[in-house]
Amino acid sequence: SIKNNYFKGGKQMFDFPQDLYTDVRIEDVYETKIIYHLGEIRESKIRSYKAAFIRIFDGERWYYSSISNIENIQSEIYALASYANPNKNIYDNPIVKNLQINREENISFGQNSISKIAMDKKHELLKRFFPLLDNNELIKNWKANYIDRKIIKKFYSSKGADVIFDTQLAGLSIGMEFVEEGKRLSESYQKAYDTFDKLCEDLEEFKSYVKECENFLTNAKPIKPGKYTVILSPLAAGVFAHESFGHKSEAHFMIGDETMKKEWAIGKRVGSEILSIIDDGNIIGSGYVPFDDEGSKSKKIYLIKNGILSGRLHSGTTATLLEENLTGNARAVNFEFEPIVRMRTTYIEKGDKTNEELFSEVPEGIYIKTIKHGSGMSTFTIAPSLAYYIKDGKIAEPVNISVITGNVMDTLDEIDGLSNEVELHSFVLGGCGKMEQFPLPVGFGGPHVRVNNINVQ
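Calculation criteria
Residues numbered from 1 in each chain as written. Predicted model: local features only at pLDDT ≥ 70, side-chain atom pairs only at ≥ 80, totals over all residues. Heavy atoms only, no water. Helix = DSSP H or I, 4+ residues; strand = E, 2+ residues; numbered from the N terminus. Rg over C-alpha atoms; globule rule 2.2 N^0.38 Å. Buried < 20%, exposed > 50% of the residue type's maximum accessible area, 1.4 Å probe, protein only. Contact = heavy atoms within 4.5 Å. Areas by Shrake-Rupley, 256 points an atom, 1.4 Å probe, with all protein chains shown as cover. Lys, Arg positive; Asp, Glu negative; His and termini not counted. Charge placed at Lys NZ, Arg CZ, Asp CG, Glu CD. Salt bridge = Lys/Arg side-chain N within 4 Å of Asp/Glu carboxyl O. Expected span 1.5 Å × (residues − 1). Pairing = 2+ DSSP bridges. Axes fitted to C-alpha atoms, helices over the stretch in contact; angles between N-to-C directions. Core = buried A, V, L, I, M, F, W, Y, C linked by side-chain atoms within 4.5 Å. Phe/Tyr/Trp six-rings, centres within 6.5 Å; stacked < 30°, edge-to-face > 60°. Lys NZ or Arg CZ within 6 Å of the ring centre and 35° of its normal. Polar contact = N/O pair within 3.5 Å; in protein donor to acceptor, adjacent residues only side chain to side chain.

Q: What's the story with the overall build of the chain in this structure? I'm lost.
A: Secondary structure assignment for the chain yields ten helices and 29 strands. Taking 23 Å as the expected radius of gyration for a compact globule of 457 residues, we find that the chain reaches 24 Å, a close match to that expectation. Each principal axis of the C-alpha distribution contributes one length, and for the chain these read about 75 × 55 × 35 Å. For the chain, the residues scored as buried account for 54% of the 457 residues in total. Long-range contacts, defined as pairs at least 24 residues apart, comprise 72% of the intrachain contacts of the chain with a sequence gap of at least 6. When the accessible surface of the chain is split by element, carbon and sulfur atoms take 47% of a total near 20100 Å². Averaged over its 56 positive side-chain charges, the chain has a centre that lies 1 Å from the centre of its 64 negative ones.

Q: Looking at this structure, I do not really get the pattern of salt bridges. What am I missing?
A: Pairing between side chains becomes possible if they bear opposite charge and their charged atoms approach one another. For the structure on display, the rule yields 22 salt bridges. Asp 23 is the partner of Arg 55 in a salt bridge, and the nearest nitrogen-oxygen pair spans 2.8 Å. Here the residue Arg 55 occupies a position in strand β4 (residues 40–57), and Asp 23 occupies one in strand β3 (residues 21–37), the gap between them amounting to 32 residues. The same class applies to Arg 55 as to Asp 23, namely buried. Of the charged contacts in the structure, one is a salt bridge between Lys 353 and Glu 361, with a shortest N-O distance of 3.2 Å. Assessed through its relative accessible area of 18%, Lys 353 is described here as buried. Exposure remark for Glu 361: the relative accessible area of 41% places this residue in the partly exposed category.

Q: Help me out: how do you make sense of the environment of Val 289 in this one?
A: Residue position: Val 289 is located in the loop between β12 (277–280) and β13 (301–305). Taking the C-alpha atoms as reference points, Val 289 and Ile 41, 248 residues apart in sequence, are found 33 Å from one another. When neighbours within four sequence positions are excluded, Val 289 is seen to be in contact with Gly 281, Ser 298, Arg 331 and Arg 344.

Q: It is not clear to me how helix α6 (residues 234–246) should be interpreted in this structure. Could you clarify?
A: An α-helix turns once every 3.6 residues. As a result, residues three or four positions apart point the same way. For α6, spanning 13 residues, the distance from its first C-alpha to its last is only 16 Å, which falls clearly below the expected 18 Å at 1.5 Å a residue. Of the residues making up α6, those classed as buried are Pro 234, Leu 235, Ala 236, Ala 237, Gly 238, Val 239, Phe 240, Ala 241, His 242, Ser 244, Phe 245 and Gly 246.

Q: What exactly am I supposed to notice about the sheet that holds strand β25 (residues 423–425) here?
A: Strands belonging to one sheet form pairs held by backbone hydrogen bonds; the direction of such a pair is parallel or antiparallel. Taken in spatial order, the six strands of this open sheet run β14-β13-β12-β17-β28-β25, and their pairing is mixed. The open sheet has two edge strands, β14 (308–309) and β25, and neither has a second partner. Taken together, the two bridges between β13 and β14 define a ladder with antiparallel strand orientation. In the strand pairing of β14, Ile 304 is matched with Leu 309. Relative to strand β28 (residues 443–446), α6 is tilted by about 115°, and along the sheet it contacts β12, β13, β14, β17 (345–348), β25 and β28.

Q: Please explain the environment of Ile 283 as it appears in this structure.
A: Relative to the assigned elements, Ile 283 resides in the loop between β12 and β13. Along the primary structure Ile 283 and Asp 413 are separated by 130 residues, whereas in three dimensions their C-alpha atoms are 27 Å apart. Leave out the neighbours within four places in its chain, and Ile 283 touches Tyr 288, Thr 345, Tyr 347 and Leu 424.

Q: I tried to follow unusual backbone geometry on my own but got confused; where do I start?
A: A negative phi angle is the norm for most residues apart from glycine, just as the trans form is the norm for most peptide bonds. Of the consecutive residues Phe 438 and Pro 439, the connecting peptide bond is found in the cis state with omega at -5°. The topology assignment puts Pro 439 in strand β27 (residues 437–440). If you check the backbone angles, Asp 19 has positive phi at about 65° while not being a glycine. Following the sequence through the fold, Asp 19 ends up in the loop between β2 (11–17) and β3.

Q: Help me out: how do you make sense of the nonpolar core in this one?
A: Side chains of nonpolar character tend, in soluble globular proteins, to be buried together. The biggest cluster of nonpolar side chains holds 51 residues, and the ones touching the most others in it are Leu 232, Phe 245, Ile 366, Ile 368, Ile 401, Ile 404 and Val 456. The element that contributes the greatest number of residues to this core is α6, accounting for seven residues. Discounting residues that sit within four places of it in the chain, Ile 366 has contacts with Ile 223, Tyr 228, Thr 229, Val 230, Ile 231, Tyr 388, Tyr 389, Ile 390, Val 399, Ile 401 and Val 456. Residues Phe 130, Trp 142, Ala 220 and Phe 359 belong to the second largest nonpolar core, which totals 39 residues.

Q: Can you walk me through the packing of aromatic side chains in this structure?
A: Evaluated as defined, the whole model comprises 19 aromatic pairs. With a centroid separation of 4.9 Å and 45° between ring planes, the pair formed by Phe 130 and Trp 142 is classed as tilted. With Phe 130 in helix α4 (residues 130–134) and Trp 142 in strand β7 (residues 139–157), the pair connects residues that are twelve residues apart, well separated along the chain. A relative accessible area of 9% means that Phe 130 is categorised as buried. Taking relative accessible area as the criterion, Trp 142 reaches 2% and is therefore assigned buried. Ring pairing ties together the aromatic residues Phe 129, Tyr 189, Phe 206 and Tyr 209, which thus form one cluster. Cation over ring: Arg 55 sits above Trp 62, and NZ or CZ is 4.1 Å from the ring centre.

Q: Can you help me understand the side chain of Ser 426 in this one?
A: In this fold, Ser 426 is placed in the loop between β25 and β26 (432–434). Classification of Ser 426 as buried rests on a relative accessible area of 15%. Polar side-chain contacts of Ser 426 include one of 3.0 Å to the backbone nitrogen of Ser 286. Aside from chain neighbours lying at most four places away, what touches Ser 426 is Leu 169, Lys 191, Ala 192, Gly 285 and Ser 286.

Below, the structure is given as structure tokens:
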């Protein structure tokens, strides 16, 4: 029995089953992957496909289906509906009532689509870096990757939602192993932008980066373990914000946990009064999602504002159960998965100090420039890669550090300085992992962040 017929431009799109909520997410994907190892090509491929994820809700249970042939969407809707129990009050269900009805087209990358860039130009982009790698006696092993991805998403619901938008990212990653007299340093240079042409501007920056790695390998000394004032680069600060606080802000952790709700009550002081952390899906980059995978419009959300817990990240379900507003954070890694609460671009807001002022006020400390990895929720751990001793307010010699660690809440309260410029970073390799959904593209960053009393080992 069909009640809800949805039309687009005078043409019927889908017949939605009576007395059930239904939505359809269609993904039109184009992607390129190129890999060279020591100058020899290992992979070069273009992949494109269209696929869909379908949901039906009867007020008690969600029914899901993923299909790689979008011609079968309608029959799959019918098949899913056969498992559900029709509910004539489904549109009065609080979760369904909360889901947005957006009707919007937001196509940003039609004229400069990466799909229009010839494959040989993508190879040539990587090959520009090869002489710098092959002619460096300290680089004993290297791998160069080029990856791009453009996705056009369409979202329709039985409430009348009609959304189409695109996302796009092109990037490169060059992994290098430096070796000198038994000392080794593994570093990765990564850049990603929303258009291909911007990648062509990074050769001089890469040269400087290689020289910095050479100096680090040759001159880095062990650090004396202890507690230090640490200045985090925008990259390190972004990873800290994402891992230590961003995940705590994903609202499904609160569902059914009264203790957690009390500990994380909106309005509670959780950090230094100069600290604000934001999650936003409207920033162009690897965390750009103007609409989430439930059709909700992305909003800029202050997770912390001036040290006060101010918001959290929601899907339709979590927002309804916690009686809070939708934020646009229901995301799936691809068409094979249901949307769950995930971050987008998470960053620390800028402060009022110049970099020179921030460093000049530190008689002895550590500067973390790049990192290998980071993790943690109650206690965070960051493994630095390029790090430097700070002496008398200036960056001094490079130092080898295994990890920096600390209690998240204590550390948030120990932040006493922020620079006045924010850098945001995008990546095409890796991403955020949660449950079985990995890697989800996200962005992060911030200003330079000064933190006292960090455990350094």
